[in-house]
Amino acid sequence: MTANKILIDANVFVDLIYESNINHELISFLIYELTRNSLIYCSPTTFSITYYFLSKKIKDDILLNKTAIGLFSKCKFTREDDLIMDKVKNQTLEI
């Protein structure tokens, strides 16, 4: 049986960071369940955006890096290079 492949957007991680968000518990549960039963993917841009928002909350660089590594420890990263982006642009133009 093959695992599901799920792409998680930066908004999900940002919502997870802000514990005051009313969806925090739901998002925490969702990510926990997804990492148990699926292959989780995110883009390098998602990592950068999340890291930026984490840096607004966590001022200690060592803790910041440990937290970011922990958040993304179960993720595989997609590629964002010219080859991939050219394919995306060409598919978009065909629609």
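Relevant structure appears above.
Numbers given for residues are sequential positions, taken from 1 along each chain in its written order. The model is predicted, so local features are restricted to residues of pLDDT at least 70 and side-chain atom pairs to those at 80 or more, both for listing and for counting; the totals for chains, interfaces and linings are taken over all residues. Values shown for side chains rest on all heavy atoms present in the structure; no hydrogens or waters enter the calculation.

### A few points about helix 1 (residues 10–17)
Short version of the rule: Only protein chains enter the area calculation, which uses a 1.4 Å probe; residues under 20% of their type maximum are buried, those over 50% are exposed, and those in between are partly exposed. Note on conventions: DSSP H or I runs of at least 4 residues are helices, E runs of at least 2 residues are strands, and numbering of each starts at the N terminus. By construction, the arc corresponds to the directions joining the helix axis to the C-beta atoms. Only heavy atoms enter the contact rule, under which two residues are in contact if any of them lie within 4.5 Å.
Buried within helix 1 are the following residues: Ala10, Phe13, Val14, Leu16 and Ile17. Down the axis, helix 1 shows its buried residues gathered within 155° of arc, on one side only. Packing partners of the buried residues in helix 1 comprise helix 2 (24–37), strand 2 (38–42), helix 3 (44–57), helix 4 (61–71) and strand 3 (75–77).

### Overview of the packing of helix 1 against helix 2
Inclusion rule: Each axis is a line fitted through C-alpha atoms, and for a helix only the stretch in contact is used; angles between axes span 0 to 180 degrees, taken between their N-to-C directions. For classification, angles of less than 35 degrees are called roughly parallel, those exceeding 145 degrees roughly antiparallel, those between 65 and 115 degrees roughly perpendicular, and all remaining angles oblique. Here a crossing is called left-handed whenever its near helix is offset anticlockwise from the far helix by less than a right angle, and right-handed whenever the offset is clockwise. Asp, Glu, Lys and Arg are counted as charged, while Ala, Val, Leu, Ile, Met, Phe, Trp, Tyr, Cys and Pro are counted as nonpolar; the rest, among them Gly, fall into the polar class.
Contact geometry of helix 1 with helix 2 gives a least axis separation of 8 Å together with a crossing angle of 125°. With respect to helix 2, the axis of helix 1 lies oblique. The crossing of helix 1 and helix 2 is left-handed. Note on element contacts: helix 2 touches helix 1 through His24, Ile27, Ser28 and Ile31, opposite Val12, Phe13, Asp15 and Leu16. Considered class by class, the residues forming the contact of helix 1 with helix 2 number five nonpolar, two polar and one charged.

### Remarks on the sheet that holds strand 3
Test applied: In short, DSSP must find at least two bridges between two strands for them to pair.
Pairing within the open sheet is parallel, and its three strands lie in the order 1-2-3. Of all the strands in the sheet, the pair left with one neighbour each is strand 1 (4–7) and strand 3. Strand-to-strand twist in this sheet, taken as the mean axis angle between neighbours without regard to direction, amounts to 35°. Across four bridges, the pairing between strand 1 and strand 2 is parallel. Across the sheet, Asn4 pairs through a bridge with Ser38, a residue of strand 2.

### Quick notes on the pairing of strand 2
Of all five residues that make up strand 2, four are buried, and the element is covered over most of its length. In this structure, strand 2 lies alongside strand 3, joined through three bridges in parallel fashion. Its bridge partner lying in strand 3, Tyr41 is registered against Lys76.

### As for the environment of Leu63
When you line up the elements, Leu63 lands in helix 4. Using a relative accessible area of 46% as the deciding quantity, one classes Leu63 as partly exposed. Along the sequence, Leu63 and Ser20 sit 43 residues apart, while their C-alpha atoms lie 20 Å from each other.

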